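Each chain, written out:
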Amino acid sequence: MALVNTCIVLPLLFLATEAVEKRQSGGKTEAEIHADLLKEACHNKPLDLVFIIDSSRSVRPYDFEKVKEFLITMLTFLDIGPDATRVGLIQYGSTVKNEFSLKTYKKKSDIERAVKRMMHLATGTMTGLAIQYAMNIAFSETEGARPSYKFVPRIIMIVTDGRPQDPVAEISAKARNSGILIFAVGVGRVDMDTLKSIGSEPHEEHVFLVANFSQIETLTSVFQNKLCAPHLCSTSEHGCDHFCINTPFSYLCRCKQGYIL
């Protein structure tokens with residue numbers, strides 16, 4: 001009988017403790033508190049963020065609309081402003097089309113309208129050309145990027161079905177070596193080797209794969225964690241020999257393949 005009482009009392013004690021913790025935190029769960037912290041972290045968050053969108057023939061019109069929905073969802077947690085997060089948007093097919101630069105819009109509502117107006121190119125897949133454009137032009141100070149001495153993180157987020165018609169490995173490496181952090185999101189039957197040649201290392205932190213375009217929005221919370229948390233790797237003397245990985249409100253050091261700490 002005592003055993004039965006114990007099995008009942010412990011859950012009740014746990015629930016009572018949880019109730020007290022909820023009252024002390026304003027009735028919010030741990031997940032809600034974490035979300036609030038991330039939202040606060042995004043307030044006045046200085047980022048220069050350029051989206052690069054695959055607009056090739058292999059991306060169907062319905063899927064292209066899903067990408068636009070994903071972009072608009074991403075905007076919900078970003079603090080847009082000249083002194084906070086600046087956003088640029090590039091789409092590419094056989095050529096590169098600059099939809100708007102980092103300096104173009106200062107309000108979130110204007111960016112949302114521009115995203116909704118974006119028209120599907122439905123041509124080739126010159127992924128390397130798009131990354132080169134971002135590195136050489138989109139992140140130039142004349143297009144709105146802040147000077148390097150201000151240590152504002154420069155970030156590319158590329159969404160692609162992973163079938164480039166031009167070389168991407170070398171130009172992606174040059175972009176990364178210039179200080180640009182690249183998140184690569186592959187959709188469908190992606191060539192993972194190509195996707196990994198685009199994204200920053202370690203790949204498990206910067207390369208993502210979803211089965212179809214409808215699932216892209218499942219990555220929103222992942223990117224909120226990665227974009228809103230303090231980028232201590234960019235703003236502090238971290239002392240990492242190889243890779244410095246931003247984590248929520250901290251960072252950790254990682255080694256290149258074949259090395260250990």
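- Per an unreviewed UniProt entry, the chain is named VWFA domain-containing protein, and its organism is Staurois parvus.

1. Details of the packing of aromatic side chains
Turning to step 1, where the next piece is worked out: All told, the structure shown has four aromatic pairs when counted by the stated rule.
Turning to step 2, where the next piece is worked out: Summarising the aromatic geometry, the rings of F208 and F223 are spaced 5.2 Å apart at their centres and angled 75° between planes, so their arrangement reads as edge-to-face. Taken together, the residues F208 in strand β6 (residues 207–210) and F223 in helix α9 (residues 220–228) connect sequence positions 15 residues apart. F223 shares its class with F208; the two are buried.
Turning to step 3, where the next piece is worked out: Members of the aromatic cluster, each reached through a chain of ring pairs, are F70, F183, F208 and F223.

2. Quick look at unusual backbone geometry
Turning to step 1, where the next piece is worked out: Here the bond from E201 into P202 is cis, since omega is -10°, no more than 30 degrees from zero.
Turning to step 2, where the next piece is worked out: One non-glycine residue with positive phi stands out, namely A122, at about 55°.
Turning to step 3, where the next piece is worked out: Although it is not a glycine, F151 adopts a positive phi angle of roughly 55°.
Turning to step 4, where the next piece is worked out: Mapped onto the fold, F151 is located in the loop between α5 (127–138) and β4 (154–160).
Turning to step 5, where the next piece is worked out: According to the relative accessible area criterion, F151 is exposed, its value standing at 54%.

3. Looking at the state of the cysteines
Here, the word disulfide means a covalent bond between the sulfur atoms of two cysteines.
Turning to step 1, where the next piece is worked out: With the rule as written, the count across this model stands at one disulfide.
Turning to step 2, where the next piece is worked out: A sulfur-sulfur distance of 1.9 Å marks the disulfide that ties C240 to C253. Disulfide C240-C253: torsion about the S-S bond near -75°, hence left-handed. Residue C240 is located in the loop between α10 (232–235) and β7 (243–247), and its partner C253 is located in strand β8 (residues 250–254); the two are separated by 13 residues in the primary sequence.
Turning to step 3, where the next piece is worked out: By relative accessible area, C253 is classed as partly exposed at 27%.

4. Brief notes about the pairing of strand β3 (residues 96–100)
Turning to step 1, where the next piece is worked out: Where strand β2 (residues 85–92) lies against β3, four bridges are found, and the strand directions are antiparallel. Within β3, the position partnered with I90 by the bridge is N98.
Turning to step 2, where the next piece is worked out: Once β2 ends, the chain turns through three residues before running back antiparallel as β3.

5. With respect to the pattern of salt bridges
Turning to step 1, where the next piece is worked out: Applying the stated criterion across every chain, the model contains eight salt bridges.
Turning to step 2, where the next piece is worked out: For D48, the salt bridge identified is with R146, shortest N-O distance 2.6 Å. Within this pair, whereas D48 is found in strand β1 (residues 47–54), its partner R146 is found in the loop between α5 and β4, the two being separated by 98 residues in sequence.
Turning to step 3, where the next piece is worked out: Using a relative accessible area of 7% as the deciding quantity, one classes R146 as buried.
Turning to step 4, where the next piece is worked out: With a closest N to O distance of 3.6 Å, E69 and K66 form a salt bridge. Residue E69 and its partner K66 are both found in helix α3 (residues 61–75); the two are separated by three residues, about one turn of the helix.
Turning to step 5, where the next piece is worked out: For E69, a relative accessible area of 36% puts it in the partly exposed group.

6. Thoughts on the sheet that holds β1
Turning to step 1, where the next piece is worked out: Read across the sheet, six strands follow the order β3-β2-β1-β4-β5-β6 without closing on themselves; strand pairing throughout is mixed. Each edge of the open sheet carries a strand with a single partner, namely β3 and β6. If you compare each strand with its neighbour and ignore which way they point, the axes differ by 20° on average.

7. With respect to the nonpolar core
Turning to step 1, where the next piece is worked out: In this structure, F51, V159, F223 and L227 are the most contacted members of the largest nonpolar core, which totals 36 residues.
Turning to step 2, where the next piece is worked out: Of all elements in the fold, only β1, α3, β2, α4 (108–117), β4, β5 (180–187), β6 and α9 reach the threshold of two or more residues within this core.
Turning to step 3, where the next piece is worked out: Considering each element in turn, this core owes the most residues, six residues, to α3.
Turning to step 4, where the next piece is worked out: Y92, I131, A138 and I156 belong to the second largest nonpolar core, which has 24 residues in total.

8. Quick look at the packing of α3 against α9
Turning to step 1, where the next piece is worked out: α9 packs onto α3 with a crossing angle of 40° between their chain directions and a minimal axis gap of 10 Å. Classified by the interaxial angle, the pair formed by α3 and α9 is oblique. Here the hand of the crossing between α3 and α9 comes out right-handed. Residue-level contacts link F70, T73 and M74 of α3 to T220, F223 and L227 of α9.

9. Focus: α3
Turning to step 1, where the next piece is worked out: Taking 1.5 Å per residue as the helical rise, α3 with its 15 residues ought to reach 21 Å, and the 22 Å between its terminal C-alpha atoms agrees with that figure.
Turning to step 2, where the next piece is worked out: Against β1, β2, α4, β4 and α9 lie the buried residues of α3.

Conventions we followed
Residues numbered from 1 in each chain as written. Predicted model: local features only at pLDDT ≥ 70, side-chain atom pairs only at ≥ 80, totals over all residues. Heavy atoms only, no water. Phe/Tyr/Trp six-rings, centres within 6.5 Å; stacked < 30°, edge-to-face > 60°. Helix = DSSP H or I, 4+ residues; strand = E, 2+ residues; numbered from the N terminus. Buried < 20%, exposed > 50% of the residue type's maximum accessible area, 1.4 Å probe, protein only. Disulfide = S-S within 2.5 Å. Pairing = 2+ DSSP bridges. Salt bridge = Lys/Arg side-chain N within 4 Å of Asp/Glu carboxyl O. Axes fitted to C-alpha atoms, helices over the stretch in contact; angles between N-to-C directions. Core = buried A, V, L, I, M, F, W, Y, C linked by side-chain atoms within 4.5 Å. Parallel < 35°, antiparallel > 145°, perpendicular 65-115°, else oblique. Left-handed = near helix turned anticlockwise from the far one by under 90°. Contact = heavy atoms within 4.5 Å. Expected span 1.5 Å × (residues − 1).

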